[in-house]
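Residue strings, one per chain:
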Amino acid sequence: MSGDATNWDEDAYRESILKEREIQTQTVFRTAWAPSQSPNLDSLIVASSDGSIASYSISSAISAYKLNNPFGFTNTNSDKLLAEPSCFIQAHDGPAYDVKFYGDGEDALLLSCGDDGRIRGWKWKELTTSKYSVSSQGNDIKPILDVVNPQHNSLIVLYIPTPLSFRGPWGALSPVPENNAIAVNTQGGSVFAASGDSCAYCWDVETGKVKMVFKGHSDYLHCIVARNSSDQIITGSEDGTARIWDCKSGKCIQTINPAKHLKLKGSVSWVGCIALDASESWLACSNGRNISLWNLPASECISKISTCGSVQDMLFDNNQILTVGADPLLNRFDMNGAILSQIQCAPPSAFSISLHPAGVMAVGGYGCLVDVISQFGSHMCTFHCQCVQRSS
């Protein structure tokens, strides 16, 4: 039996293949659980390489996952559902690298940063109560905070689209200095950004103006955390160091060189991600496949951890460290570096892990995949995120 090729549309077929490949190469760079007074799972926020910020109902995703996969098999194509977002914003022109919540009540802001050098913020309550139909281009809710790096010659600017001819992979706007990560201090009314120009910036959330510039790194910044109990921030850089900064003076008060203690040389010496524990006394620094654990009051490296793949995100879970990275594994270590568990993840390369107060973990990464894993290590659901459908 032969098919009828009379109405075959070669251009449409080629376009469908290209769009499918584009979706497959999209990446989730950050996940974050929405603030809630309830211990139940609710909204998960996802920042993706297409510049979108989307919110997903995890309870709905779990229900759809169970319907599609009633026997609980994992690592099959049928597991990876295309989830429908409850909120979808085209937040950045180029990849969105990080999302954080500023505050945890009704007045909480959802903040994001990206390759376009911007930090944008929306009222979370407005996003959750807005009545609109989700479209492939995102909704039209305007941010109440929209600041851009000083290199753009203006602190608050109008949105000006960049010609496609100047864009790189994923529509990136390089070599404009990007914001790779953000951290917040609600008591100080500040949001901090780790920038591609080797500086960290402190922005006033109310006025949208720069309050402090932290200069000292010799290469671009990968990561940043706020040590609010000491009014400090900690940054990790491509230059191989992590630096602790005093937020009042803007001066570096301590430089940590993990590669020196790990005896590393070459390109693996960069600090790719850092994590601070709840007491803000312990700092974990990643250098490629190696992690060093530091006691900050003693300024001492306490233990060293080796992983199978390059570590791309990590966090503390009480006295344990969770890591994800270039291999499809969620690793759990104790503070001495002993491996406690390894869980296979859906993303072949993971860039983000976030922990819900109930102990549930969300892992996001390559293929625009999100894997939701219970505190007991079982897969609760796996889904593809919606991507922006770009016009050809």
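To start, this report covers the structure provided alongside it. This structure is a prediction, so every number in the text was calculated from the model and none was measured.

Looking now at the packing of aromatic side chains. Centre distance and the angle of the planes are the two values used to describe a pair of aromatic rings. A complete count under the given rule lists six aromatic pairs for this structure. Taken together, a centroid distance of 5.2 Å and an interplanar angle of 70 degrees make the contact between F29 and Y97 edge-to-face. On the criterion of sequence distance, the pair formed by F29 in strand β1 (residues 28-33) and Y97 in strand β6 (residues 96-102) is long-range, its members being 68 residues apart. Overall, the relative accessible area of 10% leaves F29 in the buried class. An angle of 65 degrees between the planes, with centres 5.8 Å apart, marks the rings of F214 and W245 as edge-to-face. Note that F214 is positioned in strand β13 (residues 210-214) and W245 in strand β16 (residues 242-246), a separation of 31 residues in sequence. Classification of F214 as buried rests on a relative accessible area of 1%.

Looking at chain direction, strand β20 (residues 290-295) and strand β21 (residues 300-306) are connected through six bridges and run antiparallel. Each residue of the ladder has a partner; that of N290, found in β21, is S306. Counted along the chain from β20 to the antiparallel partner β21, the turn is four residues long, and its residue S299 has a positive phi close to 50 degrees.

Here we have four strands laid out as an open sheet, ordered β14-β15-β16-β17, and antiparallel in their pairing. For this open sheet the edge positions go to β14 (221-227) and β17 (252-256), each flanked by a neighbour on one side alone. Averaged over neighbouring strand pairs, the angle between their axes works out to 20 degrees when direction is ignored. With five bridges joining them, strand β15 (residues 232-237) and β16 adopt antiparallel strand pairing. From the neighbouring strand, T235 faces β16, where its bridge partner is R243.

The rules we used
- Residues numbered from 1 in each chain as written.
- Predicted model: local features only at pLDDT ≥ 70, side-chain atom pairs only at ≥ 80, totals over all residues.
- Heavy atoms only, no water.
- Phe/Tyr/Trp six-rings, centres within 6.5 Å; stacked < 30°, edge-to-face > 60°.
- Helix = DSSP H or I, 4+ residues; strand = E, 2+ residues; numbered from the N terminus.
- Buried < 20%, exposed > 50% of the residue type's maximum accessible area, 1.4 Å probe, protein only.
- Pairing = 2+ DSSP bridges.
- Axes fitted to C-alpha atoms, helices over the stretch in contact; angles between N-to-C directions.

Distances and angles like these do not, on their own, reveal function.
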